[in-house]
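Read off the chains here:
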Number of protein chains: 2
Amino acid sequence: MTKTEILEQIAGKLRIHSLKMTTRAGSGHPTTCLSAADLMACLFFNEMRYNVNDPVDWANDEFVLSKGHAAPILWAAYAEAGILPLESLRDLREIGCDLEGHPTPRIKWVKTATGSLGQGLSVGVGIAAAQRLAKSPARTFVLMGDGECAEGSVWEAANSAANLKLKNLCAIVDINRLGQSDPTMHQHDIKAYARKFRAFGWDVFAVDGHRIDKILVALGAIGKKGLPTVILARTIKGKGVSFIEDKNGWHGRPLKPEELEKALQEIGPMPHVESWKYVRKPRAFKGPKFPAKATFARTAYKDKTATRLAYGNALAALGKAHPAVVAVDGDVKNSTYADKFFEAFPERSFQSYIAEQNMVGMGMGLAAKGFVPFIATFAAFLTRAHDQVRMAAYSFSNIKLCGSHVGVSIGEDGPSQMGLEDLSIFRPIPGCAILYPSDAFSAEACVEAAANHRGMVYIRTTRPATPLVYPPDEAFPIGGSKVLRKSDHDAAAVIAAGVTVPEALKACDALADEGIAVRVIDAYSVKPLDEDGIRRGVGEAGRLAVVVEDHFEAGGLGEAVAQVLSGEGRVKHLCIRELPRSGKAGELMEMFGISAAHIVKAVKELCGRM
Amino acid sequence: MTKTEILEQIAGKLRIHSLKMTTRAGSGHPTTCLSAADLMACLFFNEMRYNVNDPVDWANDEFVLSKGHAAPILWAAYAEAGILPLESLRDLREIGCDLEGHPTPRIKWVKTATGSLGQGLSVGVGIAAAQRLAKSPARTFVLMGDGECAEGSVWEAANSAANLKLKNLCAIVDINRLGQSDPTMHQHDIKAYARKFRAFGWDVFAVDGHRIDKILVALGAIGKKGLPTVILARTIKGKGVSFIEDKNGWHGRPLKPEELEKALQEIGPMPHVESWKYVRKPRAFKGPKFPAKATFARTAYKDKTATRLAYGNALAALGKAHPAVVAVDGDVKNSTYADKFFEAFPERSFQSYIAEQNMVGMGMGLAAKGFVPFIATFAAFLTRAHDQVRMAAYSFSNIKLCGSHVGVSIGEDGPSQMGLEDLSIFRPIPGCAILYPSDAFSAEACVEAAANHRGMVYIRTTRPATPLVYPPDEAFPIGGSKVLRKSDHDAAAVIAAGVTVPEALKACDALADEGIAVRVIDAYSVKPLDEDGIRRGVGEAGRLAVVVEDHFEAGGLGEAVAQVLSGEGRVKHLCIRELPRSGKAGELMEMFGISAAHIVKAVKELCGRM
């Protein structure tokens, strides 16, 4: 058989698997698998080099299925390559089976979860950047859908890839003309896609996505111009089964058993080709080995300092100790102070410009290859990447995010710049740790704790300078809390974090002057919360707690504490309850009820000591 | 004076105002105002037609300052136009002043808040679409920064505008070469921008942004090709003040008083031109008048029905009764069932394809003109538009959002498609109502309540069919709850919403068989929560509550109830605590602990009746 014939046969097998799997599961997206079958055959059984025995071999070409709903054909390709047992395909979408409806890294070959469209290309940018950083000759392939090209994140990624001149990155767009509910905007106007990718700085090839020979020619030419390459493949959704080919209404719909039978008759019997024989092994390449942990010496702060500045100092210090650490910025590094890392380690620093989705997506890609990305922007703008953050969670991604400029304490720039819902983004994510330091020393310790924790960590930093509260060498483990003031006759506990810690201390002093003792707890580990510590602290302080935070009412520290203390204490919650506005930091904290004066009032009300 | 000389003088005034305002405020972004001054003069005092006495006159050309950090020059233009008192400029960024650091609709001429970059163009798409829908001859102008063109949302909007052939939309990009922390990716490569906008289907002009005569020529040619137009203006950041012109490091930095003095000497004295005389009045145009409220007859459901289907039916029925209602889709209308509205009212329906940011941004624009947009996608994918949702809140926007396919109950498609953090997006937003119906009748009632509520509303719908619980004519006011089961010896209350309501009822029956009576409360109004009703209900049921929801632990109904009941009851919270996976809906609800069986167990544990 010729190479073309072999690959055509393999594509046929992938088609048959995809149809059978989805019919058996009773759900799924077979037609989008059929349009991609020839592309997948060419990629997995001719172009890509990978070691089937080791999904984390640095020599492997990497693959990202950005159009995640085509998961069945991905599982089929892995099975044909000898990576998954063929019989596992029977259990697609079953609750005990790791072959999920959309790809997740429960299968180790899947480096990041996909299924929220338009995210795969940014992940590809991150993986390709990681390969280059590791001096690996391996390449990254991203299979995209045409519908997802409407997502802005695709163009953020395209921009970024061209800017980084990632010639080791190849995107293939499966242009099958049909979206979920409608034909796509450009349907089969391949030139419309070509214009866009060219304008964004890519090398562009257009092929018939069902002509193996043409696909191979295009794949043979990728990266030659020193640019990222896109292959625009004109395909037919449902290709190979006449009664579903190019028909609207067949997006997320498996064939019924009798339809499957008819389809299989059309396609013909399962070809006998032994696909696994055609998987190409990579040339050996030894990637970098990174230390698991790192420590660094604290900066010698003498006076009040913004925690965001301490974040920057710590990141630069960490960079020296930890070669896996990389930084990604969204053109605010002079505000988050990530610029200190950028200056010290330019080759490990990535400017994503004002493109937060790509910033996080690229970070996921870097993390997938073993780097430890610290990704920082204003906390408010992490809302822009909420979907990427969510998918990072489903990817078990080891990214570290820092949101600076949280809360009304940023002052005059006004509400659009205030991070007031960031805790409610990160708290729901199972397994994500959240650290919210109140002074410069704790901020540095939190950076160290984040780096040494396996999994997603979010660090919340403050714009204005805050007084030093802790000694330089204090440790801030994830899951802990600190008791800052304590007596054996505390009338209530004040639970604060970040910028409200100094306010709580001021309130404590003012209350002491009036003969009211309060316990002050710094809940710097917002998640996991030190539940025992909080229960104990509040239990010893009259079972009364005032929680004070620079965040909207829902989803933050106050609700976390209310939940922990349910049935064991009464909570009064000081937080931002209205849409804030421009003003000076202190004025705003006063106006919106989170200043020391409000804490004093709340404690007195709670204790009935008015 | 020639027109050019007049506009040059006005630009000079705008520059002087911007410099003085920011120096007085001690913060702000003067250099980005200086680069935009000549463009602003041409727009506000020659090209745009608007009635200075009425910000909501349908005849007005509309303006969106997408680069919101240039707010000072916007306030200066309004002051020079006679809309704001000149002396109000002195109070920029003061806490009592509506001239905020970034534009918000506290000033009525501002239709949506900006300051999170890259959002203005989508808003412009929505406004221009609204103008066309109302058959208005007015146009929409969006002033953008070059840095924000890295945001994918810009390209979603560009795509959408071209697809809708919005020839009444004009974007002006102030290409001043410098971002916040670095030069922009393309710096002064105007052709790079031209290639992109052309590829995205726009008519493109390039001008020197400091040559009034050239700007006017370009503005005179907009819309001629039946396409949206972009004017790419090459400008100098800090233009007019030699020592800050084109210099990095001057992004968010006002001049010190002594620097200001030097700058004003360079610019020369305040010109004497009476700018307001040059504002052009529009030709009268009477826009549509919309009813404030609408009702519609419920569909006659007989059997279990998905709430998402009822949403679609209700939306189509509402559309007949309420001419202001429009729908926006992200290529999932056959899943959210918004397609029922699309079929009935194609002219009031907008396909944003798979571009959720533009979907919400466009909705904000439509709402800004008085339409009532219903915007629907999978709840999971609203994370993609979280930043737009946030900015809609700061815009006091009257948008209605529907998130379908919430929770693990979607089943086999897996975690990427499950809305498990949507409540934690919408609950923090002050003033946003959240409705979560459990059956088809309540879903229809919720759509009606949402339409008749002034302000943002989020409706959460479920994928699988759920049994009918309520009579067809039951009302579901925002802020209410329903007691579904009640006795005078309830051992505990079960608080549920949406898909967990039938589970709670099943649990109630099972517990009754064992002699344990429980109260069942449907907290369909997740926000505002019926706090009194919940307190009363739980108070009468042993001060014990089980809250059960198909949502992650943080930010949802459970924490809301815990906060309300703080000190007044004990809460056991059943929710999704781990990363879920593919499987059948019922299996997943069982595995992740929110089924009837788990409710039974939780009630028994809580009551000590094991």
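Source: prediction; values computed, not measured.

### A look at the overall build of chain A
- Helix and strand content of chain A: 20 helices and 17 strands.
- For 610 residues, the compact-globule formula gives about 25 Å, and the C-alpha radius of gyration of chain A, at 27 Å, lands near that figure.
- With respect to the three principal axes, the spread of C-alpha positions in chain A is 90 × 50 × 40 Å.
- Expressed as a percentage of the 610 residues in chain A, the buried residues total 71%.
- Across chain A, every contact between residues at least 6 apart in sequence was considered, and the portion connecting residues at least 24 apart equals 78%.
- Total accessible area computed for chain A in this model is approximately 18,800 Å², and 50% of it derives from carbon and sulfur atoms.
- Distance between charge centroids for chain A: 5 Å, based on 73 positive and 68 negative side chains.

### Regarding the sheet that holds strand S5 (residues 229–234) of chain A
Residues and elements named next belong to chain A.
- Strand order in this open sheet of five strands is S1-S2-S3-S5-S4, and the pairing throughout is parallel. One side of each edge strand has no neighbouring strand; the edge strands of this open sheet are strand S1 (62–65) and strand S4 (203–208). On average, each strand axis in the sheet is inclined to that of its neighbour by 20°, with strand direction left out of account.
- As judged from the six bridges shared by strand S2 (residues 140–145) and strand S3 (residues 169–175), these two strands associate in the parallel manner. Of the residues in S3, the one forming a bridge with threonine 140 is leucine 169.

### A short note on the interface of chain A and chain B
- Taken together, the contact between chain A and chain B spans 104 residues of the former and 104 residues of the latter.
- Taking both partners together, chain A and chain B bury about 8,700 Å²; carbon and sulfur atoms supply 49% of that area.
- Our enumeration of links across chain A and chain B arrives at 14 salt bridges.
- The residue A:Arg581 makes a salt bridge to B:Asp98 at a minimum N-O spacing of 2.8 Å.
- Where chain A meets chain B, there are 68 residue pairs in polar contact (both at pLDDT 80 or more).
- In terms of residues, the side of chain A that touches chain B owes the most to one element, helix H13 (residues 386–394) of chain A, which gives seven residues.
- Class assignment of the residues belonging to the side of chain A that touches chain B gives a composition of 34 nonpolar, 40 polar and 30 charged.

### Description of the pattern of salt bridges
- Counted by the stated rule, this structure contains 68 salt bridges over all chains.
- Between B:Asp387 and A:Arg384 there is a salt bridge, with the nearest N and O atoms lying 2.8 Å from each other. One end of the pair, B:Asp387, is in helix H13 (residues 386–394); the other, A:Arg384, is in the loop between strand S8 (372–378) and H13, on a second chain. This pair shows no difference in class: B:Asp387 is buried, exactly as A:Arg384 is.
- Note that B:Arg298 and B:Glu448 form a salt bridge whose closest N and O atoms lie 3.0 Å from each other.

### Concerning the packing of aromatic side chains
- Counted under the stated rule, the structure contains 38 aromatic pairs over all chains.
- Plain terms: the ring middles of A:Trp155 and A:Phe197 are 4.7 Å apart, the flat faces sit at 50° to each other, and that makes the pair tilted. Residue A:Trp155 is found in helix H5 (residues 152–163), and its partner A:Phe197 is found in helix H6 (residues 190–199); the two are separated by 42 residues along the sequence. Of the two residues, A:Trp155 and A:Phe197, neither departs from the other in class, the shared state being buried.
- A network of ring pairs unites the aromatic residues A:Trp155, A:Phe197, A:Phe200, A:Trp202, B:Trp155, B:Phe197, B:Phe200 and B:Trp202 as a single cluster.
- The ring of B:Trp250 has B:Arg253 sitting right over it, with the charged end atom 3.9 Å from the ring centre.
- For B:Arg460, the ring lying beneath its charged end belongs to B:Tyr436, and the centroid distance is 4.7 Å.

### Looking at the sheet that holds strand S1 (residues 62–65) of chain B
All names here are of chain B.
- Taken in spatial order, the five strands make up an open sheet running S1-S2-S3-S5-S4, and their pairing is parallel. Taken across any chain shown, the strands that pair with only one partner, and hence form the sheet edges, are S1 and strand S4 (203–208). Averaged over neighbouring strand pairs, the angle between their axes works out to 20° when direction is ignored.
- In the sheet, S4 pairs with strand S5 (residues 229–234) via six bridges, with the strands oriented parallel. Bridging across to S5, phenylalanine 205 finds its partner in isoleucine 231.
- Packing against the sheet, helix H6 (residues 190–199) makes contact with strand S3 (169–175), S4 and S5, and its axis sits at approximately 170° to S5.

### Here we look at helix H12 (residues 356–368) of chain A
Residue and element names in this part refer to chain A.
- The end-to-end C-alpha distance of H12, which contains 13 residues, comes to 18 Å, matching closely the 18 Å that a straight helix rising 1.5 Å per residue would cover.
- Looking only at H12, the buried set comprises Glu356, Gln357, Asn358, Met359, Val360, Gly361, Met362, Gly363, Met364, Gly365, Leu366 and Ala367.
- In the stretch just after H12, glycine 370 is the one whose phi turns positive, near 100°.

### Quick word on the nonpolar core
- Counting residues in hydrophobic clusters, the biggest one holds 242 residues, and the most contacted among them are A:Trp202, A:Phe426, B:Trp202 and B:Phe426.
- B:Trp202 has contacts with B:Leu121, B:Ala158, B:Ala161, B:Ala162, B:Leu169, B:Ala171, B:Phe197, B:Leu227, B:Pro228, B:Thr229 and B:Val230, leaving out every residue within four places of it along the chain.

### Some words on helix H4 (residues 120–133) of chain A
Residue and element names in this part refer to chain A.
- The first and last C-alpha atoms of H4 sit 20 Å apart over 14 residues, in line with the 20 Å expected at 1.5 Å per residue.
- Counting buried residues in H4 gives 12 out of 14 residues, a clear majority hidden from the surface.
- What H4 keeps buried is the set Gly120, Leu121, Ser122, Val123, Gly124, Val125, Gly126, Ile127, Ala128, Ala129, Ala130 and Gln131.
- Against the buried residues of H4 lie S1, S2, H5, S3, strand S7 (349–351) and H12.
- Taken from the residues just after H4, lysine 135 is the one with a positive phi, measuring 60°.

Here is what the cut-offs are and how they apply
- The numbers attached to residues start from 1 for each chain and follow its sequence in the written order.
- As they are written, the chains are lettered A onward and the ligands numbered 1 onward, keeping that order.
- Only residues with pLDDT of at least 70 get local features here, since the model is predicted, and only at 80 or more are side-chain atom pairs given and counted; chain-wide, interface and lining totals rely on the full set of residues.
- The side-chain values count all of the structure's non-hydrogen atoms but skip hydrogen atoms and water molecules.
- Labels follow the DSSP assignment, with helices taken as runs of H or I lasting at least four residues and strands as runs of E lasting at least two, numbered in each case from the N terminus.
- Radius of gyration here is computed from C-alpha atoms only, and the compact-globule reference equals 2.2 Å multiplied by the residue count raised to the power 0.38.
- Summary of the burial criterion: residues with accessible area below 20% of their type's maximum are buried, those above 50% are exposed, and those between are partly exposed, where the area comes from a 1.4 Å probe applied to protein chains only.
- Contacts are assigned to residue pairs with any non-hydrogen atoms lying within 4.5 Å of each other.
- Computed by Shrake-Rupley with a 1.4 Å probe, the accessible areas treat only the displayed protein chains as cover when residues are assessed.
- Charge counting treats Lys and Arg as positive and Asp and Glu as negative, with His and both chain ends excluded.
- Throughout, a charge is located at the NZ atom of Lys, the CZ atom of Arg, the CG atom of Asp or the CD atom of Glu.
- Between any two strands, at least two bridges found by DSSP are needed for them to pair.
- Fitted lines through C-alpha atoms serve as axes, helices being fitted only where they are in contact, and the angles separating the N-to-C directions of these axes extend from 0 to 180 degrees.
- Throughout, the accessible surface (probe 1.4 Å) given up by two parts as they are put together, summed over both, is called the buried area.
- A pairing counts as a salt bridge when a side-chain nitrogen of Lys or Arg comes within 4 Å of a carboxyl oxygen of Asp or Glu.
- Contacts described as polar in this section are N or O atom pairs within 3.5 Å, which, within protein, must combine one atom able to donate a hydrogen with one able to accept it, while residues neighboring in sequence count only if both atoms come from side chains.
- The classification used treats Ala, Val, Leu, Ile, Met, Phe, Trp, Tyr, Cys and Pro as nonpolar, Asp, Glu, Lys and Arg as charged, and all other residues, Gly among them, as polar.
- Working definition: a ring pair exists when centres of Phe, Tyr or Trp rings (six-membered ring for Trp) sit within 6.5 Å. Plane angles under 30 degrees give stacked, over 60 give edge-to-face, the rest tilted.
- We call a charge positioned over a ring when the NZ of a Lys or the CZ of an Arg lies within 6 Å of the ring centre and within 35 degrees of the ring normal.
- By definition here, a helix of n residues has an expected span of 1.5 Å times n minus one.
- Only buried Ala, Val, Leu, Ile, Met, Phe, Trp, Tyr and Cys residues count toward a nonpolar core, and they belong to the same one when joined by side-chain atoms within 4.5 Å.

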